[in-house]
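Listed here are the chains, written in short residue letters.
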Amino acid sequence: LTESETRLALHAAVTARGWELVPHGRTLALDAPLPAWLAELASRLAPAFDGRPPDACELYALEPDAWGDERRMAQPAGAFAPIAALVSLLGRGRLRCSLPGGGASEVELPSGSCLLLRGEAHARLVLQATAAERHLAIVFHRSITPPSGGDEERGSGGTTKGI
């Protein structure tokens, strides 16, 4: 995102209705149709989602030095494709990823970065984020349409890139 795009997205995010207070910040969940400012960002993520843009997202706002509640990125079983894109809009953050039964890693989330989480492990991933400074991130998902006999989406790993 350019600096002006980031400023516009931040303004739209903080003025959006429906934010809920959580112990260490705020959260906002949105489904299709996404507002125009999110639809534009989602369209840029389409290549990572096999050519179709994500159609649902959650926004997370954290205060400095606060740990966000542990959240399971997967929604009800089968609701979303096994991929998510975490876009960091403002401030530096850190994401702690752990799988049930053990194993954990931490990933830096610089402002303007995008972390792609793919594969079946994504459905069981538990995330906990901390903010080095005021932090705003968006987690994009794509709803699964009823199967038409085609292949399921599969993948593994995660990558971080600028958007």
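Just so you know, these numbers come straight off a predicted model, no measurement behind them.

Undergrad: Before we move on, could you go through the packing of aromatic side chains and cite the residues and values that matter?
TA: Applying the stated criterion across every chain yields a total of 0 aromatic pairs. When the ring centre of Trp19 is taken as reference, the NZ or CZ atom of Arg26 above it lies at 4.5 Å.

Undergrad: Provide a residue-level description of the pairing of strand E10 (residues 135-141), including the pertinent values.
TA: In terms of burial, E10 is largely enclosed, as 7 of its 7 residues are buried. The two faces of E10 match: His135, Ala137, Val139 and His141 on one face and Leu136, Ile138 and Phe140 on the other face are all buried. By the bridge criterion, 5 bridges tie strand E5 (residues 83-90) to E10 in an arrangement that is antiparallel. When the bridges of E10 are listed, Leu86 appears paired with Val139.

Undergrad: Describe helix H2 (residues 36-44), and please don't skip the residues or the numbers.
TA: For H2, the full list of buried residues reads Leu38, Leu41 and Ala42. Seen along its axis, H2 keeps its buried residues to an arc of 105°; they face one direction. On its buried face, H2 is in contact with strand E2 (25-30), strand E3 (56-62), E5 and E10.

Undergrad: I'd like a rundown of the nonpolar core, residues and numbers included.
TA: Counting residues in hydrophobic clusters, the biggest one holds 25 residues, and the most contacted among them are Leu38, Cys57, Leu59, Ile138 and Phe140. Counting only elements with at least two residues in this core, the list comes to helix H1 (3-15), E2, H2, E3, E5, strand E8 (113-118) and E10. Cys97, Leu109, Ala131 and Ala137 belong to the second largest nonpolar core, which has 12 residues in total.

Undergrad: Kindly report on the pairing of E8, identifying the contributing residues and their values.
TA: Of all 6 residues in E8, 5 are buried, a share of seventy percent or more. Relative to E8, E5 is paired through 5 bridges, and the arrangement is antiparallel. Each bridged residue has a counterpart across the sheet, and for Val87 the counterpart in E8 is Cys114.

Undergrad: Tell me about the environment of Pro53, residues and numbers included.
TA: One can find Pro53 in the loop between H2 and E3. Residue classification places Pro53 among the partly exposed positions, given a relative accessible area of 38%. Sequence separation between Pro53 and His141 is 88 residues, and the spatial gap between their C-alpha atoms is 8.7 Å. Residue contacts for Pro53: discarding those within four places in its chain leaves Ala42, Ser43, Ala46 and Arg142.

About the cut-offs
- Residues numbered from 1 in each chain as written.
- Predicted model: local features only at pLDDT ≥ 70, side-chain atom pairs only at ≥ 80, totals over all residues.
- Heavy atoms only, no water.
- Phe/Tyr/Trp six-rings, centres within 6.5 Å; stacked < 30°, edge-to-face > 60°.
- Lys NZ or Arg CZ within 6 Å of the ring centre and 35° of its normal.
- Buried < 20%, exposed > 50% of the residue type's maximum accessible area, 1.4 Å probe, protein only.
- Helix = DSSP H or I, 4+ residues; strand = E, 2+ residues; numbered from the N terminus.
- Pairing = 2+ DSSP bridges.
- Arc of directions from axis to C-beta.
- Contact = heavy atoms within 4.5 Å.
- Core = buried A, V, L, I, M, F, W, Y, C linked by side-chain atoms within 4.5 Å.

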